[in-house]
Amino acid sequence: MKYIFVTGGVVSSLGKGLTAAALGALLELRGLSVRIQKFDPYLNVDPGTMSPFQHGEVYVLEDGAETDLDLGHYERFTSGKLSRLNSLSSGQVYESVIQKERRGDYLGKTVQVIPHVTNEIKDRIYAGGKGADVLITEIGGTTGDIEGLPFLEAMRQFALEIGRRDVIFIHVTLVPFLKAAGELKTKPTQQSVAKLREIGIQPDILVCRTDHPLDHSLRDKLSMFCNVPVKAVIECRDVDHSIYELPLALQKEGLDALVFDLFGMKCPPPTKNVWNQVVGRILNPAHEVNIGVVGKYIELQDAYKSVYESIAHAGIANNCRVNTVRIDAEDLEKKGGLNILRKLDGILVPGGFGDRGTEGKIAAAKYAREHKIPYYGLCLGLQIAVIEFCRNVLKLKGAGSVEFEANPVHPVINMMEEQKKIIDKGATMRLGSYECALTPGSHAHHAYKSSHVRERHRHRYEVNNDYVTQLQKGGMVISGINPRRNLVEIIELKDHPWFVAVQFHPEFQSKPNQAHPLFAAFIAATLKFQKAGKASLKKVSRKK
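Residues numbered from 1 in each chain as written. Predicted model: local features only at pLDDT ≥ 70, side-chain atom pairs only at ≥ 80, totals over all residues. Heavy atoms only, no water.

## Things to note about a nonpolar patch on the surface
- A surface patch of nonpolar side chains, amounting to about 470 Å² of accessible area, comprises Leu43, Tyr94, Ile98, Val113 and Ile114.
- When contributions to the nonpolar patch are tallied by element, the ones reaching two or more residues are α4 (90–103) and α5 (113–128).
- Looking at the secondary structure, you find Val113 in helix α5. (Patch = residues over 30% accessible without salt bridge, like charges linked within 9 Å, V, L, I, M, F, W, Y side chains within 5 Å. Areas by Shrake-Rupley, 256 points an atom, 1.4 Å probe, with all protein chains shown as cover. Salt bridge = Lys/Arg side-chain N within 4 Å of Asp/Glu carboxyl O. Helix = DSSP H or I, 4+ residues; strand = E, 2+ residues; numbered from the N terminus.)

## Quick word on helix α13 (residues 358–370)
- End to end, α13 covers 18 Å across 13 residues, agreeing with the expected 18 Å (1.5 Å per residue, within 8%).
- By the criterion of burial, α13 is predominantly enclosed, with 10 of the 13 residues buried.
- Those residues of α13 that fall on the buried side of the exposure criterion are Thr358, Gly360, Lys361, Ile362, Ala363, Ala364, Ala365, Tyr367, Ala368 and Arg369.
- Next to the buried residues of α13 lie β12 (287–295), β14 (346–349), β15 (375–378), α14 (380–392), β22 (487–493) and β23 (499–502). (Expected span 1.5 Å × (residues − 1). Buried < 20%, exposed > 50% of the residue type's maximum accessible area, 1.4 Å probe, protein only. Contact = heavy atoms within 4.5 Å.)

## Describing the side chain of Asn318
- You can see Asn318 is positioned in the loop between α12 (305–317) and β13 (320–328).
- Apart from the residues within four sequence positions on either side, Asn318 is in contact with Arg281, His287, Ala520, Ile523, Ala524 and Leu527.

## Digging into the side chain of Arg209
- Structurally, Arg209 can be placed in strand β10 (residues 205–209).
- Within polar-contact distance, the side chain of Arg209 engages the backbone oxygen of Cys236 at 2.8 Å.
- In this structure Arg209 touches Leu14, Val172, Thr173, Leu174, Val175, Cys236, Arg237 and Asp238, once residues within four positions along its chain are discounted. (Polar contact = N/O pair within 3.5 Å; in protein donor to acceptor, adjacent residues only side chain to side chain.)

## Regarding unusual backbone geometry
- Between Ile114 and the following residue, Pro115, the backbone shows a cis peptide bond with an omega angle of 20°.
- Mapped onto the elements, Pro115 comes out in helix α5.
- Look at Asn319: it is not a glycine, yet its phi comes out positive at around 50°.
- Mapped onto the fold, Asn319 is located in the loop between α12 and β13.
- On the accessibility criterion, Asn319 (23% relative accessible area) is partly exposed.

## Some details on empty space enclosed by the protein
- Counted under the stated rule, the structure contains 3 cavities of 30 Å³ or more.
- Taken as a whole, the largest cavity encloses approximately 70 Å³ of empty space.
- Along the walls of the largest cavity sit Thr7, Gly8, Pro41, Ile139, Gly140, Gly141, Thr142, Thr143, Gly144, Asp145, Gly148 and Leu152, which together make up its complete lining.
- Residues belonging to the lining of the largest cavity are distributed by class as follows: 3 nonpolar, 8 polar and 1 charged. (1 Å grid on protein atoms, 1.4 Å probe; cavity = no way out; pocket = protein on both sides within 12 Å on 5 of 7 lines; lining within 4 Å. Points joined across faces, edges and corners; volume = space filled by probe spheres on them. Nonpolar A, V, L, I, M, F, W, Y, C, P; charged D, E, K, R; others polar.)

## Focus: the packing of aromatic side chains
- Counting across every chain of the model gives 16 aromatic pairs.
- Taking 6.0 Å as the distance between ring centres and 40° as the angle between the ring planes, the aromatic pair formed by Tyr297 and Tyr304 counts as tilted. Neither Tyr297 nor Tyr304 differs from the other in exposure class; each is buried.
- For the pair Tyr375 and Phe499, a centre-to-centre distance of 4.4 Å together with 15° between the ring planes defines the contact as stacked. Placement of Tyr375 in strand β15 and of Phe499 in strand β23 is noted, with a sequence separation of 124 residues between them. Each member of the pair, Tyr375 as well as Phe499, is classed as buried.
- One aromatic cluster is present, formed by Tyr3, Phe5, Tyr126, Phe158 and Phe169 through successive ring pairs.
- For the cation-ring pair, Arg326 lies above Tyr308, with the distance from its terminal atom to the ring centre recorded as 4.5 Å. (Phe/Tyr/Trp six-rings, centres within 6.5 Å; stacked < 30°, edge-to-face > 60°. Lys NZ or Arg CZ within 6 Å of the ring centre and 35° of its normal.)

Below is the structure:
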């Protein structure tokens, strides 16, 4: 078993998670099984109750763990399925230590950061990599942060216990370009590495984030002052078009070969590189469509990170460039706001919580239904579609959700029974993977090519089964249900080319080389819609 620890220095948001994910992808290409995990120094138990504006999206794992969005990168770049063992926060660590102290597990000893907290962290390192050849662990935050010190100390101890031949430390750092001086500066990296060395950790590899090339003299300087070989100074510039170019960029710098060399392992370079194919399709698409994403956290890129990535994957699968038009749902509530939707080939309404922007999303669903534009609803996007259908097709005045108002006239979206007595917010929703039985002949069945699937959930509210018969009589197809509890999972419309909404989050199971079936089907439907629109325009011009 081999272990790689990825730390970050100088500033946050350098791309440690993407670096770890891309390295995992390269090691898998060479035949190794890889597991990646994230250690976050914040005191929250998990990101489940954190605002998207603070933390971006919450990524849900198969077992229901609510985790950092970096775990989405890990699963998208590598083939392994992660679990709650692969996500650890300071909150979880201290919660576990205190519970053990209350039970008397420490037999009356004084509980301290060393060894009790660091032992808890080390136990998770051992548990996180079971069954894999290589475990990559990313440490969140920035070297020098007080919250991260126990994690760095645990890493130092772990390397001592395992032996340095089986451990590699990678430090992702910033080499900024000062415009006034007209040169790159290495001092921030030197200081960051010095901080690590004070703790007792000597980096083996430097991954240098920079927007200018690192010449030989700069690499020599970093090598000398940071005590790493010149070949271990890796240049990592922003990629030009897509994050899926990163494995190729790091491979060109020799990162994967260097890791094998440091571990004393021999493995020939891969004869076939799937990332060349992925990037090739991104750079040279045969088609192009415009997709509107109607949400409430539109101004924040990371709030719908997995949704945007899944749309990109579907574009790759359809050999199509997808231009994502981000639409603030509240803008659709304004006079003339729906004009934004006219030039779109498809409309997607992602998940979310709260009533802000709800009427704008309902207006988008209505526009898609009436104008036969492909519509794809995720979680809240399904509930929005049901409310719109009940109000405007079934004419149920006052149809709504108990999430948005306490006592709607027609509670077509209701809170799940087991949720009604819950007071705590953290980790109390319907979370994780659940089975869905598909209706033969439906769009969903055609996309999945299967009668049963499993998808990941994160919600408290469901379609009220008291209204299902009315919905079906009005022309709505219930094309997916949870067989154990008879809960609505997927809806479609009979008289619409492609109108599909799901109660789950399919974006958590999409990869660049294996797009999620429903996302791929959605983009395929937008291409058909676009083609039909162009054909009708030609007919009109001929008549003139």
